[in-house]
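So the chains spell out like this:
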Amino acid sequence: MEKHLEEFFPAGTEEGRLLLQVDLDRLPRHVAVIMDGNGRWAASRGLPRAEGHRAGSASVHEIVEASARLGIGVLTLFAFSSENWKRPRPEVGRLWRLLREKLTKEDGLLVRNDIRLRVIGRRQGIPALVLKEIDRVEALTRENRRMTLVVALNYGGRAEIVDAARRILQDGRISPAKLDEKAFAAHLSTEGLPDPDLLIRTSGELRVSNFLLWQIAYAEIIVTPVLWPDFRRKHLLEAVLEFQKRDRRFGDVRSGGERTGKRS
Ligand code: FPP
């Protein structure tokens, strides 16, 4: 076992035993997560909702590092949706403050683990101080290669598709006949990244909530009842193991249809 894995998933622990079952050559290349349940986690302890988000940021720290060490290429986290503005103003304010604080204080985690940050979502609307930190940490980690951490902020899947369509029309360089899926995807905010193979949603809700609508076309979806602040590295390993049991056919009748190019 490689040292960087052994340290994080020690032999003899539950995590160590789960890791032994994972096929490291068949990891999902891209894992996307809808981090849900922070509010319920806080309510069940009689705490304000903001405390749930703070506890959720500890899960973010652990899952980011665990994913990088495992060898997952891209991890995308849904941190603030375009619909989250409807929440009470104090909660919205605290969420942005927390996100700014994490960007400021967690840059070392990204640097130490060779992780590149990429933020997706509409910049317009994001508080200026948060934008400043986004720009700083994206620039700081630009050359990092081990994993790309995509954080979706002020993000909505439909808005992203509309923005892509707008850009294509404004550019006017692609004729309607030439516009295919590849050309369209090149105008999305995830341009250059593989589509998620695995979408995890915590807290048991069976919805995709306007997240990566285009990109999750063939993602395996795993919903766990665990609330996000309780989600730890062992839950990530369990999700990866469940993913590795799935028979991915991409519309083909045979497994691995992706490689035959016959999606339907
Ligand atoms: C959903 O739980 C969670 C959010 C809207 C915010 C997620 C943000 C974090 C975990 C903060 C840290 C993030 C980063 C990237 C550092 P909810 O409030 O909808 O929970 P509920 O459904 O139980 O009410």
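Parameters and conventions
Residues numbered from 1 in each chain as written. Predicted model: local features only at pLDDT ≥ 70, side-chain atom pairs only at ≥ 80, totals over all residues. Heavy atoms only, no water. Helix = DSSP H or I, 4+ residues; strand = E, 2+ residues; numbered from the N terminus. Expected span 1.5 Å × (residues − 1). Buried < 20%, exposed > 50% of the residue type's maximum accessible area, 1.4 Å probe, protein only. Core = buried A, V, L, I, M, F, W, Y, C linked by side-chain atoms within 4.5 Å. Contact = heavy atoms within 4.5 Å. Near = heavy atom within 4 Å. Polar contact = N/O pair within 3.5 Å; in protein donor to acceptor, adjacent residues only side chain to side chain. Areas by Shrake-Rupley, 256 points an atom, 1.4 Å probe, with all protein chains shown as cover. Nonpolar A, V, L, I, M, F, W, Y, C, P; charged D, E, K, R; others polar. Salt bridge = Lys/Arg side-chain N within 4 Å of Asp/Glu carboxyl O. Phe/Tyr/Trp six-rings, centres within 6.5 Å; stacked < 30°, edge-to-face > 60°.

**Remarks on helix α4 (residues 49-70)**
Consideration 1: In a regular helix each residue adds 1.5 Å, so 22 residues correspond to 32 Å; α4 covers 31 Å between its end C-alpha atoms and thus fits that length.
Consideration 2: Most of α4 is tucked away, with 16 of its 22 residues classed as buried.
Consideration 3: Positive backbone phi, at 110°, marks Gly71, one or two positions downstream of α4.

**A look at the nonpolar core**
Consideration 1: Judged by nonpolar contacts, the single largest core of 51 residues is most densely connected at Val64, Leu75, Leu149 and Leu153.
Consideration 2: For this core, the element with the highest residue contribution is helix α10 (residues 233-245), accounting for six residues.
Consideration 3: Among residues more than four places away in sequence, those in contact with Leu153 are Ala79, Phe80, Trp96, Leu99, Val119, Ile120, Gly121, Arg122, Ile126 and Ile134.
Consideration 4: In terms of nonpolar packing, the next biggest core, distinct from the first, is built from 14 residues, Phe78, Ile120, Leu212 and Ala219 among them.

**Digging into the site of the ligand**
Consideration 1: The full set close to the ligand counts 19 residues, and Asp36, Gly39, Arg40, Arg49 and Arg87 are the nearest of them.
Consideration 2: In the model, an oxygen atom of the ligand is placed 3.0 Å from a nitrogen or oxygen of the Asp36 side chain.
Consideration 3: Arg87 is positioned with one of its side-chain polar atoms (N or O) 2.7 Å from an oxygen atom of the ligand.
Consideration 4: A total of 620 Å² of accessible area belongs to the ligand in isolation, and the protein chains cover 89% of it.
Consideration 5: Those elements that provide at least two residues to the shell around the ligand are α3 (38-43), α4 and α5 (89-105).
Consideration 6: Residue classes in the shell around the ligand are distributed as seven nonpolar, seven polar and five charged.

**So, the pattern of salt bridges**
Consideration 1: Using the criterion set out here, one finds 23 salt bridges in the structure.
Consideration 2: One salt bridge in this structure joins Arg233 and Glu62, with 2.8 Å as the shortest N-O distance. One end of the pair, Arg233, is in helix α10; the other, Glu62, is in helix α4, with 171 residues separating them in the sequence.
Consideration 3: Looking at Glu62, the relative accessible area reads 14%, which means it is buried.
Consideration 4: Residue Arg136 pairs with Asp107 through a salt bridge whose shortest N-O separation is 3.0 Å. Pair noted here: Arg136 is in helix α7 (residues 128-140) and Asp107 is in helix α6 (residues 107-112), with a separation of 29 residues, a long-range link.
Consideration 5: Note on Asp107: relative accessible area 18%, which makes it buried.
Consideration 6: One network of salt bridges, with partners in common, ties together Asp36, Arg40, Arg201, Glu205 and Arg207.

**Re the packing of aromatic side chains**
Consideration 1: Counted by the stated rule, this structure contains nine aromatic pairs.
Consideration 2: Taken together, a centroid distance of 6.1 Å and an interplanar angle of 90° make the contact between Tyr155 and Phe211 edge-to-face. With Tyr155 in strand β4 (residues 147-155) and Phe211 in the loop between β5 (198-201) and β6 (220-223), this pair connects stretches of sequence that are 56 residues apart.
Consideration 3: Its relative accessible area of 0% is what places Phe211 among the buried residues.

**Structural notes on the environment of Arg97**
Consideration 1: With respect to the helices and strands, Arg97 occurs in helix α5.
Consideration 2: On the basis of relative accessible area, Arg97 is assigned to the exposed category, the value being 53%.
Consideration 3: Remark: the alpha-carbon pair of Arg97 and Pro127, spanning 30 residues in sequence, is separated by 9.4 Å.

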